[in-house]
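Spelled out from the first residue to the last, the chains are:
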Amino acid sequence: MSSTAPGPPRVIITCPNCQTRYKLASDALSAAGRQVQCAACSELWYATPSFPKPAAPRRDPEPSEDELIFRADADTLFSAADEDMLDASFLRAQAASSTPAPDNDAPESPDPAPEPDHPLPSIDRAGNRARIEALARRRNGMLAAHPIARFRRIFRIGIIALLVAGIVAAFALRTEIVSAVPQLDGLYRLAGFKTNVVGLDFTEIKTLRTTQNGNPAIVVNAKISNITNRITYVPSVLVSLLDSDGAVVYEWTVTPAARNVLPGDTLAIDAQLIGPPQGVTNIRLSFVDGANGSAAGN
């Protein structure tokens with residue numbers, strides 16, 4: 001007992017002139033249809049498969065920005081003639097060549113109509129591209145004018161302004177920031193910005209080599225300036241003698257004559273060392289906490 005595999009489902013098309021019916025396999029017609037000729041009356045018509053009408057689309061309760069824009073856009077880039085021309089060109093390009101099979105009660109399957117001798121109408125690609133570009137520009141303009149787009153644009157500008165203000169404040173208030181978080185001092189120095197946590201600075205540094213009682217001596221004179229707007233405590237000063245490579249050869253501390261300096265005022269200090277070591281080329285002044293070091297050439 002032999003069994004045959006069921007073939008593809010069949011559809012029936014009807015000649016619009018003589019009402020002759022033809023039974024065809026479902027794969028004989030593409031989704032776009034094809035042009036056929038009636039074997040009985042030689043009528044040419046374009047047979048297309050029938051599809052059930054699509055259900056009415058449900059309205060989106062939360063439409064996107066694109067959908068809102070296109071709902072509001074009453075303008076059309078393509079006329080009805082343009083759309084018909086594009087549809088006809090697409091259907092002719094997609095039409096498949098196949099022969100429909102007749103059913104038992106119908107005459108022979110109609111032969112496909114011969115291809116026309118004249119060429120297919122050309123598509124104005126440049127015009128279509130210009131229309132698409134115009135649509136894109138108009139869409140972008142409508143999106144930019146949408147309230148949500150304006151809110152996002154203002155929000156982005158505000159974020160950028162806050163970032164810029166934060167960066168400016170981080171460098172303008174770096175002394176206060178380092179005073180609160182000393183670990184950030186290295187980060188500022190890495191970025192090339194010095195921080196003055198003590199609020200004092202060395203100015204008018206002078207170095208003199210001399211002799212006292214026949215022994216060589218180094219005398220250092222400098223002023224300590226208060227660069228803050230408050231009374232500042234003056235710590236002890238560390239005097240370091242450096243060689244040509246910047247290495248410390250010898251150092252000692254000097255206690256200032258006064259411990260407090262008024263805002264914008266200066267305090268003079270004097271330091272001397274009898275019998276300094278050999279190879280000293282530079283002198284560096286700093287406070288005992290290591291901040292605000294200043295070097296003076298010998």
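Please read these numbers as outputs of a predicted model, since none were measured by experiment.

Peer 1: Please clarify how the sheet that holds strand β5 (residues 200–212) should be interpreted in this entry.
Peer 2: Hydrogen bonding along the main chain pairs the strands of a sheet, whether they run parallel or antiparallel. The strand order across the open sheet built from three strands is β5-β6-β11, with neighbouring strands paired in antiparallel fashion. On the outer flanks of this sheet lie β5 and β11 (266–274), each paired with one strand and no other. Pairs of neighbouring strands in the sheet enclose a mean axial angle of 15°, with direction left out of account. Pairing between strand β6 (residues 215–226) and β11: nine bridges, direction antiparallel. Residue pairing across strands places Ala217 opposite Ile274, the latter belonging to β11.

Peer 1: Which parts of the structure should I look at to understand the nonpolar core?
Peer 2: Soluble, globular proteins show a tendency: their nonpolar side chains are buried together. Ranked by size, the top nonpolar core spans 22 residues in total, and within it Ile224, Leu285 and Phe287 carry the most contacts. Judged by nonpolar contacts, the second largest core, of 10 residues, contains Ile13, Cys15, Ala28 and Trp45.

Peer 1: Got a minute to help me understand helix α3 (residues 125–145) in this structure?
Peer 2: Think of an α-helix as 3.6 residues a turn; residues three or four steps apart then line up on the same face. In this model α3 runs 30 Å from its N-terminal to its C-terminal C-alpha over 21 residues, within 8% of the 30 Å that 1.5 Å per residue would give. Among all positions in α3, only Gly127, Asn128 and Leu143 are buried. One side of α3 carries all its buried residues, which in axial view fall inside an arc of 145°. Pointing more than 90 degrees away from the buried face of α3 are the exposed residues Ala126 and Arg137.

Peer 1: Even after reading the chapter, I still don't get the side chain of Ser240, so can you show me in this structure?
Peer 2: Following the sequence through the fold, Ser240 ends up in strand β8 (residues 237–242). A distance of 2.8 Å separates a polar atom in the side chain of Ser240 from a polar atom in the side chain of Glu251. For Ser240, the residues in contact, after removing those within four places along its chain, are Tyr250, Glu251, Asn282, Ile283 and Arg284.

Peer 1: Honestly, the side chain of Asn226 in this entry has me stumped. Any pointers?
Peer 2: Locating Asn226 in the fold gives a position in strand β6. Judged by relative accessible area, Asn226 falls into the buried class, the value being 3%. Of note is the side chain of Asn226, whose polar atom sits 2.8 Å from the backbone oxygen of Arg230. Once residues lying within four places of it in the same chain are set aside, the contact partners of Asn226 are Gly199, Leu200, Ile231, Thr232, Val261, Leu262, Pro263, Gly264 and Asp265.

Peer 1: Explain the packing of aromatic side chains here, please?
Peer 2: Pairs of aromatic rings are described using the distance from one ring centre to the other and the angle between the two planes. The full count for this structure, using the stated rule, is two aromatic pairs. Plain terms: the ring middles of Phe202 and Phe287 are 4.8 Å apart, the flat faces sit at 25° to each other, and that makes the pair stacked. Of this pair, Phe202 sits in strand β5 while Phe287 sits in strand β12 (residues 282–287), placing them 85 residues apart in sequence. On the basis of relative accessible area, Phe287 is assigned to the buried category, the value being 0%. Between the aromatic rings of Tyr250 and Trp252, the centroid separation amounts to 6.0 Å while the plane-to-plane angle is 40°, which identifies the pairing as tilted. For Tyr250, a relative accessible area of 40% gives the class partly exposed.

Peer 1: Help me understand unusual backbone geometry, please; the structure alone is not making it clear to me.
Peer 2: The phi torsion of most residues other than glycine is negative, and most of the peptide bonds are trans. You will see that Gln19, though not glycine, has its phi angle at about 65°, which is positive. Residue position: Gln19 is located in the loop between β1 (10–14) and β2 (21–25). Classification of Gln19 as exposed rests on a relative accessible area of 51%.

Peer 1: Is there a simple way to explain the pattern of salt bridges in this structure?
Peer 2: Here the idea is simple: oppositely charged side chains can pair when their charged atoms come close. By the definition in use, this model includes one salt bridge. We note a salt bridge from Glu204 to Lys223, for which the minimum N-O separation is 3.5 Å. Residue Glu204 is found in strand β5, and its partner Lys223 is found in strand β6; the two are separated by 19 residues along the sequence. For Lys223, a relative accessible area of 31% corresponds to the partly exposed category.

Peer 1: Looking at this structure, how should I read the state of the cysteines?
Peer 2: Joining two cysteines, a disulfide is a covalent bond between their sulfur atoms. Inspection of every chain in the model, using the stated rule, returns zero disulfides. Take Cys38: it sits in no disulfide, and the sulfur closest to it among the cysteines is that of Cys18, at 3.5 Å. Sulfur of Cys41: no disulfide; nearest cysteine sulfur belongs to Cys18 and is 3.6 Å away. For Cys41, a relative accessible area of 27% puts it in the partly exposed group.

Peer 1: Would you take a moment to explain the pairing of β2 for this structure?
Peer 2: Every regular strand shows the same layout, with side chains that alternate between the two sheet faces. Pairing analysis gives five bridges linking β1 to β2, with the strands arranged antiparallel. By the bridge assignment for β2, Thr14 is matched with Arg21.

Peer 1: Sorry if this is basic, but what is going on with the confidence of the model for the chain here?
Peer 2: Atomic detail in the predicted coordinates should be set aside for any region of low pLDDT. With 64% of its residues at a pLDDT of 70 or more, the chain shows a mean pLDDT of 74. The spread of mean pLDDT over the elements of the chain runs between strand β13 (residues 294–297), the lowest at 49, and β8, the highest at 91.

Peer 1: Whenever I open this one, the pairing of β6 confuses me. Can you help?
Peer 2: With 11 bridges joining them, β5 and β6 adopt antiparallel strand pairing. Bridging from a neighbouring strand, Leu200 pairs with Asn226 of β6. Connecting β5 to the antiparallel partner β6 that follows it, the hairpin turn spans two residues, and Asn213 within it adopts a positive phi of roughly 55°.

Criteria and cut-off values
- Residues numbered from 1 in each chain as written.
- Predicted model: local features only at pLDDT ≥ 70, side-chain atom pairs only at ≥ 80, totals over all residues.
- Heavy atoms only, no water.
- Pairing = 2+ DSSP bridges.
- Helix = DSSP H or I, 4+ residues; strand = E, 2+ residues; numbered from the N terminus.
- Axes fitted to C-alpha atoms, helices over the stretch in contact; angles between N-to-C directions.
- Core = buried A, V, L, I, M, F, W, Y, C linked by side-chain atoms within 4.5 Å.
- Buried < 20%, exposed > 50% of the residue type's maximum accessible area, 1.4 Å probe, protein only.
- Expected span 1.5 Å × (residues − 1).
- Arc of directions from axis to C-beta.
- Polar contact = N/O pair within 3.5 Å; in protein donor to acceptor, adjacent residues only side chain to side chain.
- Contact = heavy atoms within 4.5 Å.
- Phe/Tyr/Trp six-rings, centres within 6.5 Å; stacked < 30°, edge-to-face > 60°.
- Salt bridge = Lys/Arg side-chain N within 4 Å of Asp/Glu carboxyl O.
- Disulfide = S-S within 2.5 Å.
- pLDDT = per-residue confidence, 0-100.

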